Amino acid sequence: MSEDFTAEGGHGAVPTEGVETGQGKPARRTWPLYEVFVRGKRGLNHVHVGSLHAADDEMALHNARDVYTRRNEGVSIWVVKADHITASSPAEKDPFFAPAGDKVYRHPTFYAIPEEVPHL
Amino acid sequence: MNAHHTDVEEHDATNAYQSLSETTDHDDPRWAFGTGIVEEAGAEITSSVPDGVDPGDLAAYCLMLGDDALIYSHRLSEWVSHAPELEEEVALANTALDLLGQARVLLARAGHVEGRDRDEDALAYLRPDAEFRNVGLAELSDDLDFARCIARLLVFSSWRLAVLHRLQGSADPVLAAVAGKGVKEITYHRDYAARWTLRLGDGTAESHRRMQAAIDAVWPYIGELFRTSDEERRLVEAGVAIDPADTREEVDAVLDQVLEKATLTRPERPFIGTIGGRSGRQGVHTEHLGHALAEMQSLARRHPGATW
Amino acid sequence: MTVTDERPHHALEEGFDATIAADQRIEPRDWMPEAYRKTLIRQIAQHAHSEIIGMQPEGNWILRAPSLRRKAILLAKVQDEAGHGMYLYAAAETLGVDREELTEKLIESKQKYSSIFNYPTLTYADIGVIGWLVDGAAICNQVPLCRCSYGPYARAMIRICKEESFHQRQGFELLLAMVNGTDAQREMVQESVNRWWWPSLMMFGPPDDDSPNSAQSMAWGIKRHTNDELRQRFVDMSVPQAAALGVTLPDPDLVWNDERQAHDYGEPDWAEFKAVIAGSGPANAQRIAHRRRAHENGAWVREAAQAFADKQQAADKHAGATA
């Protein structure tokens, strides 16, 4: 097999050679990119958690709540168009956080697995 | 820098994502409902029926509100992997999950109150069409038309919010608990639908045409939302239910406001009628429900007695 | 967002190499070799595509889920996959591509996704087996990526891995309920395992001898383990789990090797693997057509939202000018 495959593209083997990458120029105009900052609780700073696409500020906020906080209450969210950020240097760190508390089936421990079953 | 910000309600400031990584006991069997909705409010499915209330009426009322949520959630789930953008995938799935959570508690309550040993799944999967008590609006498919999705959600959430808002003071502790949590959820759904109505109504010429057509298409199903069933009438007196007719003014005002801002026209179309005075609340449905149930119940019915 | 780094090229390259050598993270605005950037775009885009296409085989059962609890779990899981796709597309975008552009390449079949999603889900047991085996294999692949050299990708993977753990457990729990249920349910589970076992092994890619370019990815810290190492780990994990379920893994050569302290196992059908990658899987055409339809049917919605935002902005400017 001459083509190279990587197993590490997440869900399994995909070829890594002879695949187009892209130039950053889509054929159609797209919703702008927003960066999302979340303050998890009082007394903490807002931290960068990721980004999303939205047509306007309200949509960005709404989507940020859905995607990054799963609408957990008690959090404060800032969204800002990526274009509006002026950057000095690299080395940002983006902490991620766990999903919302009231959807317990999202938590691995919700599923009763006998103790003798390994590796789960 | 144009940072746009909001402070989401902070009444439970400790319930933040940081604390989520801390271990909590999720093996508690009550979590089987997946929502914590009743437990949070301190109400139990097995709470006794309020004094002077006919259990049959209460069970029927729980089914009405529960079936609305269940069937609406089911239809909304048709959108999975078909949404116009990934962000909308997440938003629509959240809405469907919220409604499914409401449905599960309401069906469980109905099952307990009627005392026929039926759990949420027996009620969802083994009842025939004519025993479902949802309104027609809940059983329509959007046929993957996003304008229809938004129009239907705008009407449904405006109405359900008005209902649940009034129901927070219900004499039935489970209904009051469902309403308390549901108000927060549905407020969010209505906001989502209203904003999208503005974008589509006042977006492009094509989106305006589609949004108007969608509003026109769901309009005939609005009339049924304000019809009061016999069970509801009796339960209103007992302080358990609310009269849906009382929500009409509020719902109309919300729709008028949104439609006007979205440059859409309020349709002048007749509402769908009843058969001998009966409609969804009495188990007389549109042709759409049978198809939804045929699919939803197919696997569960093929394996009687199986647990999943 | 613009940054100019005016250091000479060789100094930039030395800085990059030193960062990699120190097992530190490369960040979006750091200088990086073009080949590193392109390899990452390919890998992250394909990973993102896999999450989005992966919604289809599971979404296939949401409307027929056999209990309300299972319906909620499956809906939440498929929703997570949309979220994972978003995180990953966002990570790819830090490398200078646009999500729309990547989606176009996906629906024009110019970029690939994991071949496992070109297999159909034919029974509800498939939902459990996908969680157990397919997500289990994905976890083997993904956990090492939490330490990947590219910061945004590594961070996306940390969150994704947390949620994947829920995915795998819900799958196993469903199977456990089914094998403890009726005979028909038990048969359904075994039949599903028979169909998914070999495609799951193929998820790790061909044997290492056939992967000549892996070395560069390993040196860059994009790839952390070889295909065969990951496959072995997966087989060794799965065997006791299968025993706990009381199902048989469909490989007559599967046996514990005391000397290696690992399981020996049979050879997957690499001809089938190649055929599926090349487009002959049972569901390739269906998956792409579905994704294309969703994207194209959504075009008018995305345009409307953009037009509305433009109008609002113009109105705000006008208000600002006359104020």
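Anyway, here's the lowdown on the structure attached to this text. Treat the numbers as computed from the prediction; the structure is a model and nothing was measured.

Thoughts on the overall build of chain B
Inference 1: The helix and strand inventory of chain B stands at twelve helices and one strand.
Inference 2: The order of helices and strands in chain B, counted from the N terminus, is β-α-α-α-α-α-α-α-α-α-α-α-α.
Inference 3: Among the 308 residues that make up chain B, the fraction classed as buried is 60%.
Inference 4: Across chain B, contacts joining residues at least 24 apart in sequence account for 80% of those joining residues at least 6 apart.
Inference 5: Just so you have it, chain B exposes about 11900 Å², and 48% of that area is on carbon and sulfur atoms.

As for the nonpolar core
Inference 1: Formed by 205 residues in total, the largest nonpolar core has its most connected members in Leu70(B), Phe146(B), Trp196(B), Leu200(B), Tyr36(C), Trp132(C) and Tyr150(C).
Inference 2: Residues contacting Tyr36(C), with those up to four places away along its chain left out, are Phe16(C), Ile20(C), Ile26(C), Ser149(C), Tyr150(C), Trp220(C) and Ile222(C).

Re the packing of helix α7 (residues 146-167) of chain B against helix α8 (residues 173-201) of chain B
A packed helix pair is summarised by two numbers, namely the angle formed by the two axes and the spacing between the axes.
Residue and element names in this part refer to chain B.
Inference 1: The interhelical angle for the contact between α7 and α8, taken along N-to-C directions, is 145°, at an axis separation of 7 Å. α8 is crossed by α7, and the crossing has left-handed handedness.
Inference 2: Residue classes in the contact of α7 with α8 are distributed as 18 nonpolar, seven polar and two charged.

What to know about the environment of Ser170(B)
All names here are of chain B.
Inference 1: Positionally, Ser170 belongs in the loop between α7 and α8.
Inference 2: Judged by its relative accessible area of 11%, Ser170 falls in the buried class.
Inference 3: Taking the C-alpha atoms as reference, Ser170 lies 9.8 Å from Leu235; in sequence the two are 65 residues apart.
Inference 4: In this structure, Ser170 is in contact with Leu175, Ala176, Gly239 and Val240, ignoring residues within four places of it in sequence.
Inference 5: Reaching out from Ser170, the side chain makes a polar contact with the backbone nitrogen of Asp172 at a distance of 3.0 Å.
Inference 6: Here the side chain of Ser170 touches Val240 through a polar contact of 2.7 Å, landing on its backbone oxygen.

Focus on the pairing of strand β5 (residues 76-81) of chain A
All names here are of chain A.
Inference 1: Summarising burial for β5: five of the six residues are buried, a large majority.
Inference 2: For strand β3 (residues 33-39) and β5, the ladder comprises six bridges, and the chain directions are antiparallel. The partner of Glu35 across the bridge, within β5, is Val80.

Details of the packing of helix α2 (residues 34-53) of chain C against helix α4 (residues 68-93) of chain C
Residue and element names in this part refer to chain C.
Inference 1: Running from N to C, α2 and α4 point in directions that differ by 165°, and their axes come no closer than 8 Å. Put simply, α2 runs roughly antiparallel to α4. The interaxial crossing formed by α2 with α4 has left-handed handedness. Residues Ile44, His47, Ala48, His49, Glu51 and Ile52 of α2 form the contact with α4, whose own contacting residues are Glu81, Ala82, His84, Gly85, Leu88, Tyr89, Ala91 and Ala92.
Inference 2: Per-class residue counts for the contact of α2 with α4 are eight nonpolar, four polar and two charged.

Basis of the calculations
- Residues numbered from 1 in each chain as written.
- Chains lettered and ligands numbered in written order.
- Predicted model: local features only at pLDDT ≥ 70, side-chain atom pairs only at ≥ 80, totals over all residues.
- Heavy atoms only, no water.
- Helix = DSSP H or I, 4+ residues; strand = E, 2+ residues; numbered from the N terminus.
- Buried < 20%, exposed > 50% of the residue type's maximum accessible area, 1.4 Å probe, protein only.
- Contact = heavy atoms within 4.5 Å.
- Areas by Shrake-Rupley, 256 points an atom, 1.4 Å probe, with all protein chains shown as cover.
- Core = buried A, V, L, I, M, F, W, Y, C linked by side-chain atoms within 4.5 Å.
- Axes fitted to C-alpha atoms, helices over the stretch in contact; angles between N-to-C directions.
- Left-handed = near helix turned anticlockwise from the far one by under 90°.
- Nonpolar A, V, L, I, M, F, W, Y, C, P; charged D, E, K, R; others polar.
- Polar contact = N/O pair within 3.5 Å; in protein donor to acceptor, adjacent residues only side chain to side chain.
- Pairing = 2+ DSSP bridges.
- Parallel < 35°, antiparallel > 145°, perpendicular 65-115°, else oblique.

Keep in mind these values describe shape, not function.
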